[in-house]
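# A structural walkthrough
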Amino acid sequence: MSNNAPKLPELRLFIDGEWRDASDGGTFTSVNPATEAEIGQIAAATAADVDLAVTAARRQFDGGEWSKLSGSDRGRLLYRLADLLERDLELLADLETLDIGKARVHAPLDLGMAIDTVRHFAGRADSVNGTVFSLPEFIGRPRFSYTLRQPVGVVGAITPWNTPGMILSWKFAPALAVGCTFVVKPPAEASLSTLHIAELVREAGFPAGVFNVVTGSGTVAGAALVDHPGVDKISFTGSPEVGAVIGRAAGESFKKVTLELGGKSPQIIFPDADLDVALPTAAMSLFYNQGETCASATRVLVHESLRDEVLSGLSAQAAAVKVGDPFAPDTTMGSLINRKQMDSVLGYVDAGHREGAELVTGGARIGDSGYFVEPTIFTGTNTMTIAKEEIFGPVGTVIGFNDTEEALRLANETRYGLVGVVYTSDLALAHRAAEVLDVGAVWVNAWGPPDPRMPWGGFKYSGIGTELGDAGIAANTNEKAVSMIL
Ligand code: NAD
């Protein structure tokens, strides 16, 4: 296990295969949220640095060594990278624990998914194919029509801090598999795993300039990436507020864009649910990663016949969560990412009290160093602020319902549409819920996980566009229609 002091990666920009300082020498401070101690100073990319990174990526895409590799060659490089990620899994887990404050015991789970994702798309790199169409003759002459599926070009990625390594893999693996080149602006709050992965990209032997990292702020480095004319597509994961800014900017320059945004997902506990499954699963969905998970199912819709049992069961689950030093082997919930996030979460707790929600358990900060908050459960209604807005902390609201129609209606009464969780042993009901829920993913008797073979994307305020699976290939390619009249 870990020693609390993993070997840090280079804390600089990775551009054209080299580590560089920011052009103006600027840096920002990286902080360990569990201790509030400084981890180090990381280079803060300027617009000029972003331009260098995009220029390197363009050179490789527009006729560089990368553009001449076959799909099999790209796949081989990605397989090699996946092996290196696996070799360094424990180090990457240490880095993300240090950076984000999450429980070390959980860190390998989403990083393991990053490895699966890279392997999945490595296996697809040699099969990025179009379609042949059987069409009728055109003006009496035979016709041969097909599509070419070609890489969109330079992909600019902007990632969030909650699971940075996994989300990074969701973006670069399909992009590189199809032959795009890549520039990522990682979250300022958690850049370490991305920087280590850049070193592994170099070790795997990718040509310089195919994969670039511009650490820094969203409003400088992120905005410069979005605005850069040499970028063909923006793949963003983060909040709806920033997503709207990016969507508007991408629209003005007609860039392709995918926006994977937040959630206020429901989990419905129907009367026939197996509570031995539902209770620990519901608690995991609320408290995993300190509740800083886009797919966290924070509205727990419970049939009234089960209300008391669910409330006492969830309280017991909350009491069993061990909050503390993220690196301790028995810790299952760590620190929130920073003071701003903690204040925001505690502000929502206040809003819950103000609006008449009833606190079942938790609701307070733990200690006065680091940003630890108790696992928190309220009972309330679907119209309260705590049931409407994404809190991104360990806070759930239990809401009662009387029949199936009411449950499904309440589940959909939200501006978000990322995930819906359903607990039932009735297959017909599970299928009906899957059809009716207005969300990108439905999970029955389980909370996740997403899978690189399946599509991932949100409806409504949860996003535009889809990543992973076939959609991941489509999102990084243009399909060109070719017709030959013979
Ligand atoms: P955020 O929107 O604050 O930041 C995301 C990224 O955007 C960061 O890298 C940030 O530096 C950058 N950014 C900020 N302003 C920018 C600007 N003007 N131009 C360009 N880039 C800018 O989100 P966050 O706090 O890092 O992450 C939490 C959010 O992400 C939550 O809403 C969560 O639900 C969402 N999320 C969604 C998914 C998903 O798959 N749908 C996955 C994880 C997180």
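Residues numbered from 1 in each chain as written. Predicted model: local features only at pLDDT ≥ 70, side-chain atom pairs only at ≥ 80, totals over all residues. Heavy atoms only, no water.

## Brief notes about the overall build of the protein
Note the threshold: Secondary structure elements follow DSSP: runs of H or I of four or more residues count as helices, runs of E of two or more count as strands, with numbering from the N terminus. It is over C-alpha atoms that the radius of gyration is taken, and the globule rule equals 2.2 Å times the number of residues to the power 0.38. For every residue, the accessible area obtained with a 1.4 Å probe (protein chains only) is divided by the maximum for its type, and the residue is called buried under 20%, exposed over 50%, and partly exposed between those limits.
Along the backbone of the protein there are 15 helices and 24 strands. By the compact-globule yardstick of 23 Å for 486 residues, the protein fits well, its C-alpha radius of gyration being 23 Å. Based on the C-alpha atoms only, the size of the protein along its principal axes is roughly 70 × 65 × 40 Å. Evaluated residue by residue, the protein yields a buried proportion of 58% over its 486 residues.

## Details of the site of the ligand
For the record, the criterion: By convention in this text, a residue qualifies as near a molecule or strand provided that one of its non-hydrogen atoms is within 4 Å of it. Under the rule applied, a polar contact is a pair of N or O atoms within 3.5 Å (in protein, one hydrogen donor and one hydrogen acceptor; residues adjacent in sequence only if both atoms are side-chain atoms). Here the open area of atoms and residues is found with the Shrake-Rupley method and a 1.4 Å probe, where only the protein chains shown may cover a residue.
What surrounds the ligand is a group of 26 residues, the closest being T159, K185, S239, L261 and E390. Contact distances for the ligand include 2.7 Å between an oxygen atom and a side-chain N or O atom of K185. Here the ligand loses 87% of its free accessible area of 850 Å² to cover by the protein chains. Of all the secondary-structure elements, those providing two or more residues to the shell around the ligand are α7 (218-227), β10 (233-237) and α8 (240-252).

## Comments concerning the packing of helix α2 (residues 71-87) against helix α6 (residues 192-204)
Under the convention used in this document: Fitted lines through C-alpha atoms give the axes, limited to the stretch in contact for helices. The angle between two N-to-C directions lies from 0 to 180 degrees. An angle counts as roughly parallel when it lies under 35 degrees, as roughly antiparallel when it exceeds 145, as roughly perpendicular when it falls between 65 and 115, and as oblique in every other case. Left-handed describes a crossing whose near helix is turned anticlockwise from the far helix by less than a right angle; the clockwise case is right-handed. Only heavy atoms matter for contacts: two residues are in contact if any of them lie within 4.5 Å across the pair.
Closest axis-to-axis distance for the α2/α6 pair is 9 Å, and the angle between their directions is 130 degrees. Of the possible angle classes, the one that applies to α2 and α6 is oblique. Crossing angle aside, the handedness with which α2 passes α6 is right-handed. Contacts between α2 and α6 involve L77, R80, L81, L84, L85 and R87 from the first element and I197, L200, V201, E203 and A204 from the second.

## A short note on the pairing of strand β17 (residues 376-379)
Convention followed: Should DSSP find at least two bridges between two strands, the strands are taken to pair.
On β17, burial covers both faces: T376 and F378 on one face and I377 and T379 on the other are all buried. Pairing geometry for β17 and strand β18 (residues 395-401), over four bridges, is parallel. By the bridge assignment for β18, F378 is matched with T397.

## What to know about helix α11 (residues 339-354)
Here is the rule we go by: A helix is expected to span 1.5 Å for every residue after the first.
Spanning 16 residues, α11 covers 22 Å between terminal C-alpha atoms, matching the ideal 22 Å at 1.5 Å per step. Looking at the packing, one finds that the buried side of α11 touches β15 (365-366), β16 (372-373), β17, α12 (385-388) and β18. One or two positions beyond α11, positive phi appears at G356, with a value near 90 degrees.

## Section: the packing of aromatic side chains
Formally: Between 30 and 60 degrees the pair is tilted, below 30 it is stacked and above 60 it is edge-to-face, where a pair is any two Phe, Tyr or Trp rings, Trp via its six-membered ring, whose centres lie within 6.5 Å.
Taken as a whole and assessed by the stated rule, the structure comprises eleven aromatic pairs. Taken together, a centroid distance of 5.4 Å and an interplanar angle of 75 degrees make the contact between W161 and F392 edge-to-face. Of this pair, W161 sits in the loop between β7 (154-158) and α5 (164-178) while F392 sits in the loop between α12 and β18, and the two are 231 residues apart along the sequence. For W161, a relative accessible area of 13% translates into the label buried. Here a set of aromatic residues connected by ring pairs shows up, and it is made of W170, W443 and W456.

## Quick notes on the sheet that holds strand β24 (residues 477-485)
Taken in spatial order, the three strands of this open sheet run β5-β6-β24, and their pairing is antiparallel. Edge positions in the open sheet fall to β5 (132-133) and β24, since each of these has one partner strand only. Alignment of β5 against strand β6 (residues 143-151), held across two bridges, turns out to be antiparallel. By the bridge assignment, V132 is partnered in β6 with Y146.

## Quick look at the side chain of K264
Convention followed: The charge count treats Lys and Arg as positive and Asp and Glu as negative. His and the chain ends do not count. By salt bridge we mean one thing: a side-chain nitrogen of Lys or Arg within 4 Å of a carboxyl oxygen of Asp or Glu.
Counting through the fold element by element, K264 comes out in the loop between β11 (256-260) and β12 (266-269). Of the side chains with opposite charge, E390 lies nearest to the buried K264, which makes no salt bridge, at 8.1 Å. For K264, the side chain forms a polar contact with the side chain of T298, separated by 3.3 Å. Ignoring sequence-local partners within four residues, the contact set of K264 consists of T298, R299, I386, A387, K388, E389, E390, I391, T414 and Y416.

## Things to note about the environment of S315
Tracing the backbone through its elements, the reader meets S315 in helix α10 (residues 307-320). Since its relative accessible area comes to 21%, S315 is described here as partly exposed. Apart from the residues lying within four places of it in its own chain, the contact partners of S315 are V360, T361 and I377.

## Comments concerning the pattern of salt bridges
Pairing of side chains with opposite charge becomes possible as their charged atoms draw close. Within the structure shown, the criterion is met by 25 salt bridges. Residue D21 is joined to R12 by a salt bridge in which the shortest nitrogen-to-oxygen separation is 3.8 Å. A relative accessible area of 26% means that R12 is categorised as partly exposed. Between R58 and D62 there is a salt bridge, with the nearest N and O atoms lying 2.8 Å from each other.

## Here we look at unusual backbone geometry
P449 follows G448 through a cis peptide bond whose omega is 0 degrees. Mapping P449 onto the fold places it in the loop between β21 (441-444) and β22 (459-460). Residue I139 is not a glycine yet carries a positive backbone phi of 45 degrees. Checked against the element boundaries, I139 lands in the loop between β5 and β6. Within the chain, N445 stands out as a residue other than glycine whose phi angle is a positive 55 degrees. Relative to the helices and strands, N445 resides in the loop between β21 and β22.

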